[in-house]
Amino acid sequence: MTGWQEKSTGGITYLERPGTGEPLVLLHGIGSEAASFAPLLEWIDPARRVIAWNAPGYGGSAPLAMDWPLASDYAAAFAGFCDALDIGRMLLVGHSLGTLMGASFAARHRGRVSRLVLASPALGHGVPRGGGLSSAAQARIDDLERLGAARFAELRAARLIHAPEANPALVAQVQAAMSKVSLPGYGQAARMLASGRLLDDAERLLVPTDVIVGAEDVITPPESARRAFAALGRKAKGQMTEVPGAGHALYLQAPAAFAAALAAQTMTAD
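Computed from a prediction, not measured in an experiment: that's the story for all the values here.

### Some points on the overall build of the protein chain
Piece 1. Helix and strand counts for the protein chain come out as ten helices and eight strands.
Piece 2. Here the protein chain has a C-alpha radius of gyration of 17 Å; the compact-globule value for 270 residues is 18 Å, and the two agree.
Piece 3. Dimensions of the protein chain along its principal axes, counting C-alpha atoms only, are 45 × 40 × 35 Å.
Piece 4. Counting every position in the protein chain, which comprises 270 residues, the buried fraction comes to 56%.
Piece 5. Restricting to contacts in the protein chain with at least 6 residues of sequence separation, those with at least 24 account for 76%.
Piece 6. Only carbon and sulfur atoms are counted for the fraction: they give 53% of the accessible area of the protein chain, which is about 10700 Å².
Piece 7. Each charge class in the protein chain was averaged separately, 24 positive and 24 negative side chains, and the resulting centres sit 5 Å apart.

Dropping the structure here:
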């Protein structure tokens, strides 16, 4: 992980590449970790400070206190993390489940986000906290408990890559990150996803917000991304980008296109 420094603060572990100016902060998805962004680094301006956190319950970060957290609970934890690092304003990028965290944070702390990027956005299922999980959400937790992380990742990783049979190295990268998930953190994240309401937070956003999605994404398909973009109010609506030939693990499968979209948005934000 050339360029990354492994650090921790307040029970949260994270990776940081030192740099100058407003930081780029990255929030990973439900089956991933901070280190999954490492291949993206070479495509980002080497002078820019980049930070990727391990969400509560991931990669050495302490899990949240509640069994069924909401996106706002992760956003509160992220606010504390940013306070500890003395981050004033940032370009904030959430991927998949990270979009729920990022949108919740930006809706509540608009002065701290110069621009928000929702990559492969997960809309959430809108289940009330404590309600019944969907069969798909419950299966995530049950499969991890029953199979163990390694087998769990082996069975799921290929769906995140477009044309996985032609991209075994990318599947291996996704599988390596997913094989590190554990309970209770993954279970908390699955419940948060079940309760997530990204469209509600999207309507409340007042910071410039862009949406990026892989054209071949079967996890959070382009139609879902277009719904998220349509929900943005006039003051928040930025750019909508569909990246051809890329699946859900967008920043791994198309890092150059992903970074180019970020660079265009960064120039607008700076």
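### Description of the pattern of salt bridges
Piece 1. In this structure the tally under the stated criterion is 16 salt bridges.
Piece 2. With a shortest N-O distance of 3.2 Å, aspartate 73 and arginine 129 are connected by a salt bridge. In this pair, aspartate 73 is assigned in helix H1 (residues 71–84) and arginine 129 in the loop between strand S6 (113–119) and helix H3 (135–147), connecting sequence segments 56 residues apart.
Piece 3. Owing to a relative accessible area of 46%, arginine 129 belongs among the partly exposed residues under this scheme.
Piece 4. Taken together, the shared-partner salt bridges in this structure form one network comprising Lys7, Glu16 and Arg49.

### Some thoughts on the packing of aromatic side chains
Piece 1. For the coordinates displayed, the defined rule picks out eight aromatic pairs.
Piece 2. Where phenylalanine 37 meets tyrosine 251, the ring centres are 4.3 Å apart and the plane angle is 25°; that geometry is what we call stacked. Taken as a pair, phenylalanine 37 in the loop between strand S3 (20–27) and strand S4 (48–53) and tyrosine 251 in helix H9 (residues 250–253) lie far apart in primary sequence, 214 residues in all. In this pair, the class of phenylalanine 37 matches that of tyrosine 251, namely buried.

### A word on unusual backbone geometry
Piece 1. Between leucine 183 and the following residue, proline 184, the backbone shows a cis peptide bond with an omega angle of 10°.
Piece 2. Along the polypeptide, proline 184 turns up in the loop between helix H5 (168–178) and helix H6 (185–195).
Piece 3. Positive phi values are uncommon outside glycine, yet aspartate 86 reaches one of about 55°.
Piece 4. Mapped onto the elements of the fold, aspartate 86 is located in the loop between H1 and strand S5 (90–95).
Piece 5. The phi torsion at serine 96 lies on the positive side, around 60°, for a residue other than glycine.
Piece 6. Position of serine 96 among the secondary structure elements: in the loop between S5 and helix H2 (97–108).

### A short note on H6
Piece 1. Within H6, eleven of the eleven residues are buried, leaving the element largely enclosed by the surrounding structure.
Piece 2. By the burial criterion, the buried members of H6 are Gly185, Tyr186, Gly187, Gln188, Ala189, Ala190, Arg191, Met192, Leu193, Ala194 and Ser195.

### Observations concerning the pairing of S4
Piece 1. Counting buried residues in S4 gives six out of six residues, a clear majority hidden from the surface.
Piece 2. Residues Arg48, Val50 and Ala52 line one face of S4 and the alternating positions Arg49, Ile51 and Trp53 line the opposite face, and both faces are buried.
Piece 3. With four bridges joining them, strand S2 (residues 12–17) and S4 adopt antiparallel strand pairing. Considered in S4, the bridge of tyrosine 14 is made with tryptophan 53.
Piece 4. The pairing of S3 with S4 spans five bridges and is parallel. Within the sheet, the bridge partner assigned to valine 25 lies in S4 and is isoleucine 51.

### With respect to the side chain of histidine 28
Piece 1. Tracing the backbone shows histidine 28 in the loop between S3 and S4.
Piece 2. Judged by relative accessible area, which is 1%, histidine 28 ranks as buried.
Piece 3. In contact with histidine 28, not counting residues within four places along its chain, are Glu33, Ala34, Phe37, Trp53, Asn54, Ala55, Tyr58, His95, Leu97 and Gly98.

### So, the nonpolar core
Piece 1. Counting residues in each nonpolar core, the largest one holds 90 residues, and the members touching the most others are Trp53, Phe78, Phe81, Leu92, Leu116 and Phe258.
Piece 2. Discounting residues that sit within four places of it in the chain, leucine 116 has contacts with Leu92, Gly102, Ala103, Ala106, Leu205, Val207, Pro208, Thr209 and Asp210.

### Focus on the pairing of strand S1 (residues 5–9)
Piece 1. Direction of pairing for S1 relative to S2: antiparallel, over a ladder of five bridges. In the sheet register, glutamate 6 faces S2, and the bridge partner there is leucine 15.

### Structural notes on the side chain of glutamine 253
Piece 1. The topology assignment puts glutamine 253 in helix H9.
Piece 2. Polar contacts involving the side chain of glutamine 253 include one to the main-chain amide nitrogen of glycine 247, which spans 3.0 Å.
Piece 3. If we skip the residues at most four places from it in the chain, glutamine 253 touches Ile161, His162, Asn167, Leu170, Gly245, Ala246 and Gly247.

Cut-offs applied
- Residues numbered from 1 in each chain as written.
- Predicted model: local features only at pLDDT ≥ 70, side-chain atom pairs only at ≥ 80, totals over all residues.
- Heavy atoms only, no water.
- Helix = DSSP H or I, 4+ residues; strand = E, 2+ residues; numbered from the N terminus.
- Rg over C-alpha atoms; globule rule 2.2 N^0.38 Å.
- Buried < 20%, exposed > 50% of the residue type's maximum accessible area, 1.4 Å probe, protein only.
- Contact = heavy atoms within 4.5 Å.
- Areas by Shrake-Rupley, 256 points an atom, 1.4 Å probe, with all protein chains shown as cover.
- Lys, Arg positive; Asp, Glu negative; His and termini not counted.
- Charge placed at Lys NZ, Arg CZ, Asp CG, Glu CD.
- Salt bridge = Lys/Arg side-chain N within 4 Å of Asp/Glu carboxyl O.
- Phe/Tyr/Trp six-rings, centres within 6.5 Å; stacked < 30°, edge-to-face > 60°.
- Pairing = 2+ DSSP bridges.
- Core = buried A, V, L, I, M, F, W, Y, C linked by side-chain atoms within 4.5 Å.
- Polar contact = N/O pair within 3.5 Å; in protein donor to acceptor, adjacent residues only side chain to side chain.

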